[in-house]
Structures are given as C-alpha cells and as structure tokens.
Amino acid sequence: MNTKKLIARFMFMLTFTGTILKIPLRIQAEVPGQPVQAPAGQTCFQAPLPDIRTEFIRAESAAATDSLFRASLKASKPAPYLLSESEWADSGSDYYFSLLDTKEKNLYLSLKQAADRYMNNTDNFQMTKVMRNGNEVRTYILPMVSYQGLTTEQMKKVFYCFMFENPQYYFMRNSVIYSEKSQTMTIGLYEMFANGSTREDYTAEFARQIRIWEEQIAEAGTTVEKERLIHQIVCDYVSYNENAQEDDPEDKIMSQSCISAVLFDRSTVCMGYAQLFSLLCNRAGIQCVTVTSASHAWNKVRMGSIWYNTDCTWNDSRGDQKYLNVTDEQLQAEDTKLAEHTLSPEWEHLAPPCVAGFDPQMADGEDIGANILSPVKPENVVSKSREKGRIAIEIEPVENGDGYCIQYSLNTSMEASRTKESETGSCVISNLKSGKVYYIRARAFTLDSNGNRLYGAYSKKQKITVK
C-alpha cells in the first residue's frame, strides 16, 4: 500500500457488554432472511491490529541488485507451464485483473505463474538478502519478474490486485522487493514453506480442509444459502488473534494469509478472515475480492450482478450477521473513529461500489456481469503496400483489446492462410509475393486471468495487391 499515507492503527470495535459467543459449526446454511441474532450483552474484542501496510523494499545498491540478479538467473527459462491446467489457478477472482491494461496484465500473469508453480511442485524457495531497518536480512522470494514498460506505481497497483484476489497462494507475504534500476520485482514469501517437501505437506493439508468445506457448501441450494454458509464456516472455525503484534515485518504468525485461519491454531486477524471468505466464495463460483483500509480488511462479494460488503471479522466479534451483504453507506454509518471501512487510496478505481440494498431474490438471480468479455470486431483495418513484398497494417484499437491477430491469404476463402500478431495493432507483414493479390482480415483478443486468449470476431476481408 502507499506507506506515506498509511499509519499503523489499533483496532477498536464497537463495545457491548458480556462475552463472545462461538456457535458450533453446522453443515447446513442459515435460512435466507433469518440471520442469527446477537445475544444481549455481548462483547466485541479489543486488540491491536498487526500492521497491514505492504512492505516495499527498494534494492538499489550494487550488492542488493546483484543479489536480485542472481535470484533472477535461477528462475530463467522455466519449463512450459499452463495456468489453465492447475487446480488452484481459478481459486481467486479475476475482477481486479479485468481492470488492468495489457502490460499490467502481463506482469500479473508472470506473478501468478510463479506463485502457482510453488503450489504444484516441490522446488525450494529462492532466497536473497535485503536491508530492513539498517540490517541485512535474508528473505525468501518468488522468481524475479520484469515490469519494464510500467511505472513503479503501476507495478504496485498490479501487486495489490494480485495479492488481494488470489488468497490460494497462502505462502505469499504482503511484501514487495523491487529495483527501479533494473525494473524488476518480486513478492516476499513465508520462510516456513521454503522447503519444497515441507510445503507439499502443508499444501495437501490445506487442500484437504478446503475440500471438506466445499462438500458442505455444495449441498447448499441457492447462491445466498452458499454465501451464508461460507460466512458461518469462517466465523465458527476461526478465532481472532488478540496477541498479534502491531508491527511485525516478518509476520511470523502469517496473519496476512488465510493459512493462519485454516491451519495451526486457526487464529488470525481481519486479513485472514477476509482472505478465507474470498477463497471459499470464489471456489464456490461466487465472485469475491478483498479490500483494505489503513487498519482493516473485509470483502466485497457479487451475487446476481450486484456487489455487497461483508465483514466476517466484525460479525464474528458480535456473533451475528449485521455486516453481511450491506452497502457502503450502511457499513460506514457504524464505523469507528479509525475509519476502518474508509478504503485506502490504492483501491480508487478498483474496488466495486456497493450501493444497492440486499434483496435475496436479486442475489439469487443470474450473475450476468462477466468480468472478462471477448472484444468487439475491429471496424477500421487499413492495409497499404508501399514497399516491395510488404504490407503495412493499422488497426483502430478496440475496447478491451490486449492484442490483435492478422490473417492473410492468397485466396478469398482464407485457405492456407498465415497469421501475424501485434499487441498494438500496428505491424508490417513481410516476405510476400510481389504483384499478387492478398486477402486480409483481423480480430482482437483479450487475456483472461490464466493467460488464455478470448478472441472476438474477424473484421471484413480486404484485398490488396502487393508491390
């Protein structure tokens, strides 16, 4: 996050009297429209909140840059890897991804491929050394990736989007190490999972628990019932960690990961609650993302094409569902002096607004608001031949187009055609036969969050005689 604007805060919940009630886990969803009532005299916890600001470490010294470069060499020329073949790749959302431009998407996909590999292999984490508070410390990292063509602020935006809509990668810390000189960056990882065999065991146990919940959620009938059950699972299974340190750069209790809510002592803070809720919703086919303020994390969930806020942490402290599927206005109306639900600047133009009051019938309706759609057909494709054996192509950009595929052939049926791709729509086709008539058409494509291409329709064919 923007560390100049965020300050570590103490979390102070609305105070009631009495004790916290923990309801035994049930495998059946609550009846929609009949939320659990908060017992009279119930108390909310008061505990320090670990620092949820993103740790950004610049590595610009010669030694630091050399260390990062050596780490990059270890990750060079990886074996071919398709995210679409991974059981974990679709465990997150693609909402934030859909809001990025093409270069930002490519960085996001590079990070996702690197993280997903560690979910599916037993390679040990890479290690480098960085300076923190004047001391050289070792840190474990994802393979280095380039963010050339992006500003540092764009790189940070991509990190937020990737980190907070992919909770399945439980070993990632809320930490970025980067070099503006080489325009490379990476994400910090928890040392506990550095050994590949050890991580394999944790991943298996993590997956086992997730699948138990998935079986329970699948038995729920409607979308609303599934979401209410997920909310109940999170609140019943997890407890708030009142002993979490306010400032722990290593995050030894892994409070910023859903792993702290799933394994170990099942004790976490707001980020763990939010990331687990997001993970279970998305795996159940309910669109959900995590958002943050200066001192808090919660979720925005979409049902029936409408976005709502859900705060599992606050609900668990009360023992009810008051902050389940509420509007931005409703959430902020009962906020604390710390403005815990005032979004951090990083989420401007990213976080979806929640303005519609909850309606169970609407929420159970079809979600027609797909995040990633095939691009429209290019309407303006200009081809010119001013040089021998060459055709210059100019395609007017289409909305959501991440690239273009130009098809050309010597016959109008487009048989035995060849293709050329361009990210911008401006390219030159060479090595053509002079004096021959070529037929040309183009289509745009959009990348999805697994790197697959969604193609639009082809433009009208043109014919042009090559010089």
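This is a predicted model, so every value here is computed, not measured. By convention here, each chain's residues receive numbers from 1 onward along its written sequence. Given that the model is predicted, a residue must reach a pLDDT of at least 70 before its local features are reported, and side-chain atom pairs must reach 80 or more before they are shown or counted; all residues, however, enter totals for whole chains, interfaces and linings. Calculation of side-chain values draws on the structure's entire complement of heavy atoms; hydrogens and water are dropped beforehand.

1. Comments concerning the overall build of the chain
Helix and strand content of the chain: 11 helices and 22 strands. Taken across its 467 residues, the chain has 53% of its residues classed as buried. Contact criterion: two residues are considered in contact whenever any of their non-hydrogen atoms come within 4.5 Å of each other. Here the analysis covers contacts within the chain between residues at least 6 apart in sequence; of these, 72% occur between residues at least 24 apart. Put simply, the chain shows about 20800 Å² of open surface, and 49% of that area lies on carbon and sulfur atoms. In this description a helix means any DSSP run of H or I spanning at least four residues, a strand means any run of E spanning at least two, and both kinds are numbered starting from the N terminus. Exposure is judged per residue with a 1.4 Å probe applied to protein chains only, and the accessible area is read against the type maximum: over 50% gives exposed, under 20% gives buried, and values in between give partly exposed. Note on areas: Shrake-Rupley, 1.4 Å probe, and residue coverage restricted to the protein chains presented here.

2. Let's talk about empty space enclosed by the protein
Of the two site types, the cavity is a set of points on a 1 Å grid over the protein atoms alone where a 1.4 Å probe fits but cannot get out, and the pocket is an open set with protein on both sides within 12 Å along at least five of seven lines, each lined by residues with an atom within 4 Å of a point. Grid points are joined across faces, edges and corners, and a volume is the space filled by probe spheres set on the points. One pass over the structure, following the stated rule, counts three cavities of 30 Å³ or more. In this structure, the second largest cavity occupies an estimated 50 Å³ of space. Lining the second largest cavity are Met163, Asn166, Pro167, Tyr169, Tyr170, Met172, Gln256, Ser257, Cys258 and Gln275. Gly falls in the polar group here, along with every residue not listed as nonpolar (Ala, Val, Leu, Ile, Met, Phe, Trp, Tyr, Cys, Pro) or charged (Asp, Glu, Lys, Arg). Split by residue class, the lining of the second largest cavity holds six nonpolar, four polar and no charged.

3. Considering the side chain of lysine 226
Within the secondary structure, lysine 226 is located in helix α6 (residues 223-237). Buried lysine 226, no salt bridge; nearest opposite-charge side chain is glutamate 225, N-O distance 7.6 Å. Leaving out residues up to four positions away in the same chain, lysine 226 has contacts with Ile217, Ala218, Ala220, Gly221 and Ile286. Only four residue types enter the charge count: Lys and Arg as positive, Asp and Glu as negative, with His and the chain ends excluded. Salt-bridge detection follows one rule: a side-chain nitrogen of Lys or Arg within 4 Å of a carboxyl oxygen of Asp or Glu.

4. Some details on the confidence of the model for the chain
Known as pLDDT, the predictor's confidence for each residue is given on a scale from 0 to 100. Put simply, the chain has an average pLDDT of 84, and 83% of its residues get 70 or more. Confidence over residues 1-50 falls short of pLDDT 50; this stretch has 147 contacts with residues more than four positions distant or in other chains.

5. Digging into the sheet that holds strand β19 (residues 426-429)
Strand pairing follows a simple DSSP-based rule, namely that at least 2 bridges must link the two strands. Read from one edge of the open sheet, three strands run β15-β16-β19, paired in antiparallel fashion. In the strand order of this sheet, the two ends are held by β15 (381-384) and β19, each with one partner. Looking at each pair of strands side by side, their axes are set apart by 20° on average, direction ignored. Taken together, the four bridges between β15 and strand β16 (residues 391-395) define a ladder with antiparallel strand orientation. From the neighbouring strand, serine 383 faces β16, where its bridge partner is isoleucine 393. Think of each axis as a best-fit line through the C-alpha atoms, taken over the contacting stretch in the case of a helix, with angles from 0 to 180 degrees between the N-to-C directions.

6. Considerations on the pattern of salt bridges
This structure, assessed with the given rule, holds 16 salt bridges. The salt bridge partner of lysine 103 is glutamate 423, with a shortest N-O separation of 3.5 Å. Note that lysine 103 is positioned in helix α3 (residues 102-120) and glutamate 423 in the loop between β18 (418-422) and β19, a separation of 320 residues in sequence. Relative accessible area serves as the criterion here: at 41%, glutamate 423 is assigned to the partly exposed category. Note that glutamate 205 is salt-bridged to arginine 208, the shortest N-O span being 2.9 Å. Here glutamate 205 and its partner arginine 208 are both found in helix α5 (residues 196-219), three residues apart, which amounts to about one turn of the helix. Given the relative accessible area of 33%, glutamate 205 is considered partly exposed.

7. A look at the side chain of glutamate 55
Examined against the element boundaries, glutamate 55 turns out to sit in strand β3 (residues 55-58). Overall, glutamate 55 belongs to the buried group, its relative accessible area being 17%.

8. Here we look at the environment of lysine 300
Within the secondary structure, lysine 300 sits in strand β12 (residues 297-303). The buried category is assigned to lysine 300, whose relative accessible area is 1%. Residues lysine 300 and serine 278, 22 residues apart in the sequence, show an inter-C-alpha distance of 8.6 Å. Leave out the neighbours within four places in its chain, and lysine 300 touches Gln287, Cys288, Val289, Val291, Trp307, Tyr308, Asn309, Asp328, Leu343, Ala351, Pro352 and Cys354. At a separation of 3.1 Å, a polar atom in the side chain of lysine 300 contacts the side chain of asparagine 309. For this analysis, a polar contact is any N or O atom pair within 3.5 Å, provided that within protein one partner can donate a hydrogen and the other can accept it, and provided that sequence-adjacent residues contribute only side-chain to side-chain pairs. Within the structure, lysine 300 has its side chain in polar contact with the side chain of aspartate 328 (distance 2.9 Å).

9. Notes on the packing of α5 against α6
Look at α5 against α6: their axes get within 9 Å of each other, and the N-to-C directions meet at 140°. When the interaxial angle is binned, α5 and α6 end up oblique. Remark: the crossing between α5 and α6 carries right-handed chirality. Residues Gln209, Trp213, Gln216, Ile217 and Ala218 of α5 form the contact with α6, whose own contacting residues are Lys226, Leu229, Ile230, Ile233 and Tyr237. Grouping the amino acids of the contact of α5 with α6 by side-chain chemistry returns seven nonpolar, two polar and one charged. In what follows, roughly perpendicular refers to angles from 65 to 115 degrees, roughly parallel to angles under 35, roughly antiparallel to angles over 145, and oblique to any angle outside these ranges. Crossing handedness is read from the near helix: turned anticlockwise from the far helix by less than a right angle, it gives a left-handed crossing, and turned clockwise, a right-handed one.

10. A look at the nonpolar core
The term nonpolar core refers to a set of buried residues drawn from Ala, Val, Leu, Ile, Met, Phe, Trp, Tyr and Cys, joined through side-chain atoms within 4.5 Å. Counting residues in hydrophobic clusters, the biggest one holds 97 residues, and the most contacted among them are Phe171, Met172, Phe206 and Leu276. Excluding residues that lie within four positions of it along the chain, phenylalanine 206 makes contacts with Trp88, Gln168, Tyr170, Cys258, Ile259, Val262, Leu263 and Leu279. Formed by 17 residues, the second largest nonpolar core is a distinct cluster that contains Ile395, Tyr404, Ala444 and Ile464.

11. Some thoughts on the sheet that holds β12
Spatial strand order, β11-β12-β13-β14: four strands in an open sheet with antiparallel pairing. Edge positions in the open sheet fall to β11 (287-292) and β14 (324-326), since each of these has one partner strand only. When the angles between neighbouring strand axes are averaged without regard to direction, this sheet yields 35°. Note that β11 and β12 share six bridges and pair antiparallel. Each residue of the ladder has a partner; that of threonine 290, found in β12, is asparagine 299. Strands β11, β12 and β13 (306-310) of the sheet are contacted by helix α8 (residues 270-283), whose axis makes an angle of about 165° with β11.

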